Amino acid sequence: MDRTQAAPPAVELNGVVKEFGAVRAVDGVDLGIGAGERVALLGRNGAGKSTTVDILLGLDTPTSGTARLFGGTPRAAVDAGRVGAMLQDVRPVPRVTVRELVGFVAGTHRAPMPVAEALELAGLTGVARRRADRLSGGQTQRVGFALALVGDPDLLILDEPTAALDVAARRVFWDSVRALTERGTTVLFSTHHLDEADLNADRVVVIDRGRIIADDAPDRIRRSFGTGVVSFALPHGAERPAGLEGLPGVVSVEDLGGRIRLRTADSDETVHALSALVRVRDLEVATANLEDAFIGITSEPAPSPARARKADR
Ligand SMILES: Nc1ncnc2c1ncn2[C@@H]1O[C@H](COP(=O)(O)OP(=O)(O)OP(=O)(O)O)[C@@H](O)[C@H]1O
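Residues numbered from 1 in each chain as written. Predicted model: local features only at pLDDT ≥ 70, side-chain atom pairs only at ≥ 80, totals over all residues. Heavy atoms only, no water.

As annotated in an unreviewed UniProt entry, the chain carries the name ABC transporter ATP-binding protein and comes from Nocardiopsis changdeensis. Reading the Subcellular location (unreviewed entry) entry of the UniProt record for the chain gives the comment "Cell membrane". (UniProt positions renumbered as here; feature names shortened; annotations may be inferred.)

Structure below.
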């Protein structure tokens, strides 16, 4: 055996397609994720995130293409206790305490972390003696997190992990995720909170209509769609002027019905040229965030079949 060979990636999807009848939920996804990466999976409703996660967990099989975790099948990685998952629907077992439930699941793993540590990382120490079926929505979601991490997995897959968490609980959650990746755990999470992806992922993968349309560091994705947003209202009754797309720095133009938003790589130049083109009202200049980039990327038209085939090659 070649001992110099690098360890296989935590996640490797090659040409994965998943069809449900006429619906192509995943449409040729290639994705590799290395150890210790913290990756956000973003996409609009119905983009294909959960289907991709299901395939990664071996809960569903691709129509074509391959999914591998640590060089083997997802099933093998899950059976070996290398994968912890937190899915959207967490339904706690009735009549046991939080500590008992997490302890029970720890007992099913070969090398779990101490139960107290899992409770602490999930922010549950204060409610450890409470019945697991009598918790708030946010506490229940934290139980799901504790159950996913107590096996001390190499890969954590978290499907919208903070949907029910308040601001303080979110902070605890992301601190814990950071601590886990610092000791080598790979984390893949899906979210609709783009600010969270921006702050907590070192890589953002955007999926749209079953295809990966962006895969980069959050700041690079932000910059690729302009660093600034210039928005303004038109004078009452005025038509949208021609030529906005051609103004210096402008990357894209959105018409929000009376208000125009320009994403730009150079706000100063854009504003200067804009003032010569049209008289505007309520001018605002802001720094672009990941949400602006996301809207820009995902609102682009779907590739035509000819373009899609070309992209496949
Ligand atoms: N079991 C199924 N049978 C039929 N269609 C399905 C099935 N599961 C998913 N789909 C469809 O596949 C597409 C992708 O769904 P998926 O749940 O993966 O999206 P998502 O990105 O997770 O969305 P959301 O953000 O709303 O959770 C959608 O059009 C969905 O309706």
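Undergrad: Kindly report on the site of the ligand, identifying the contributing residues and their values.
TA: Around the ligand, a shell composed of F20, V23, A25, R44, N45, G46, A47, G48, K49, S50, T51 and H192 is seen. Take G48: an N or O atom from its main chain is 2.9 Å from an oxygen atom of the ligand. The contact in question runs from an oxygen atom of the ligand to an N or O atom on the side chain of H192, over 3.0 Å. Coverage of the ligand by the protein amounts to 60% of the 630 Å² it exposes when considered alone. Put simply, the parts of the chain that give the shell around the ligand at least two residues each are β2 (23-33) and α1 (49-56). In terms of residue count, the dominant contributor to the shell around the ligand is α1 (three residues). Class assignment for the residues of the shell around the ligand results in four nonpolar, six polar and two charged. (Near = heavy atom within 4 Å. Polar contact = N/O pair within 3.5 Å; in protein donor to acceptor, adjacent residues only side chain to side chain. Areas by Shrake-Rupley, 256 points an atom, 1.4 Å probe, with all protein chains shown as cover. Helix = DSSP H or I, 4+ residues; strand = E, 2+ residues; numbered from the N terminus. Nonpolar A, V, L, I, M, F, W, Y, C, P; charged D, E, K, R; others polar.)

Undergrad: Let's hear about the pattern of salt bridges: which residues, and what values?
TA: Counted under the stated rule, the structure contains 20 salt bridges. D208 is paired through a salt bridge with R44; the nearest N and O atoms lie 3.0 Å apart. Of this pair, D208 sits in strand β8 (residues 203-208) while R44 is found in the loop between β3 (38-42) and α1, placing the two residues 164 residues apart along the sequence. What makes D208 buried here is its relative accessible area of 5%. Exposure remark for R44: the relative accessible area of 33% places this residue in the partly exposed category. One salt bridge in this structure joins R183 and D152, with 3.7 Å as the shortest N-O distance. Highlighted residues: R183 in the loop between α6 (167-182) and β7 (186-190) and D152 in the loop between α5 (137-149) and β6 (155-159), separated in sequence by 31 residues. (Salt bridge = Lys/Arg side-chain N within 4 Å of Asp/Glu carboxyl O. Buried < 20%, exposed > 50% of the residue type's maximum accessible area, 1.4 Å probe, protein only.)

Undergrad: Quick rundown of the pairing of strand β1 (residues 11-20)? Include the residues and the values.
TA: Where β1 and strand β4 (residues 64-69) come together, five bridges link them in antiparallel fashion. Across the sheet, residue L13 finds its bridge partner in β4, namely A67. Where β1 meets β2, eight bridges bridge the pair, whose relative direction is antiparallel. Residue E12 lies in a different strand from β2, and its bridge partner there is G32. Connecting β1 to the next strand, β2, in antiparallel fashion are two residues, including G21 with a positive phi near 60°. (Pairing = 2+ DSSP bridges.)

Undergrad: Report on the sheet that holds strand β9 (residues 211-216), specifying residues and quantitative values.
TA: Pairing in this open sheet of six strands is mixed, and the strands run β5-β6-β7-β3-β8-β9 from one edge to the other. Strands with a single pairing partner mark the edges of an open sheet, and in this sheet they are β5 (83-86) and β9. Ignoring which end each strand starts from, the neighbouring axes of this sheet average 15° apart. With four bridges joining them, β3 and β7 adopt parallel strand pairing. Across the sheet, the residue bridging to A40 is F189, located in β7. Along the sheet, α5 makes contact with β5 and β6, crossing β5 at roughly 170°. (Axes fitted to C-alpha atoms, helices over the stretch in contact; angles between N-to-C directions. Contact = heavy atoms within 4.5 Å.)

Undergrad: Please give an account of the side chain of T186 that cites residues and values.
TA: If you trace the backbone, T186 turns up in strand β7. T186 sits in the buried class, given a relative accessible area of 2%.

Undergrad: Tell me about the sheet that holds strand β11 (residues 250-255), and name the residues and values.
TA: A sheet is described by the order of its strands in space; here four strands give the open sequence β11-β12-β10-β13, paired in antiparallel fashion. The open sheet has two edge strands, β11 and β13 (281-287), and neither has a second partner. The mean inter-strand angle of the sheet, taken between neighbouring strand axes irrespective of direction, is 15°. One ladder, built from six bridges, connects strand β10 (residues 228-233) with strand β12 (residues 259-264); its direction is antiparallel. In the strand pairing of β12, G228 is matched with T264. With respect to the sheet, helix α9 (residues 267-277) is in contact with β10, β11, β12 and β13, its orientation differing from that of β10 by roughly 25°. Against the sheet, helix α10 (residues 290-298) touches β10, β11, β12 and β13, its axis set at about 100° to β12.

Undergrad: Describe the packing of α5 against α6, listing the residues and the values that go with them.
TA: Between α5 and α6, whose axes approach to 12 Å, the crossing angle comes to 10°. Considering their axes alone, α5 and α6 lie roughly parallel with respect to each other. Judged by residue contacts, R142, F145 and L149 of α5 engage A169, F173, S176, V177 and L180 from α6. Grouping the amino acids of the contact of α5 with α6 by side-chain chemistry returns six nonpolar, one polar and one charged. (Parallel < 35°, antiparallel > 145°, perpendicular 65-115°, else oblique.)

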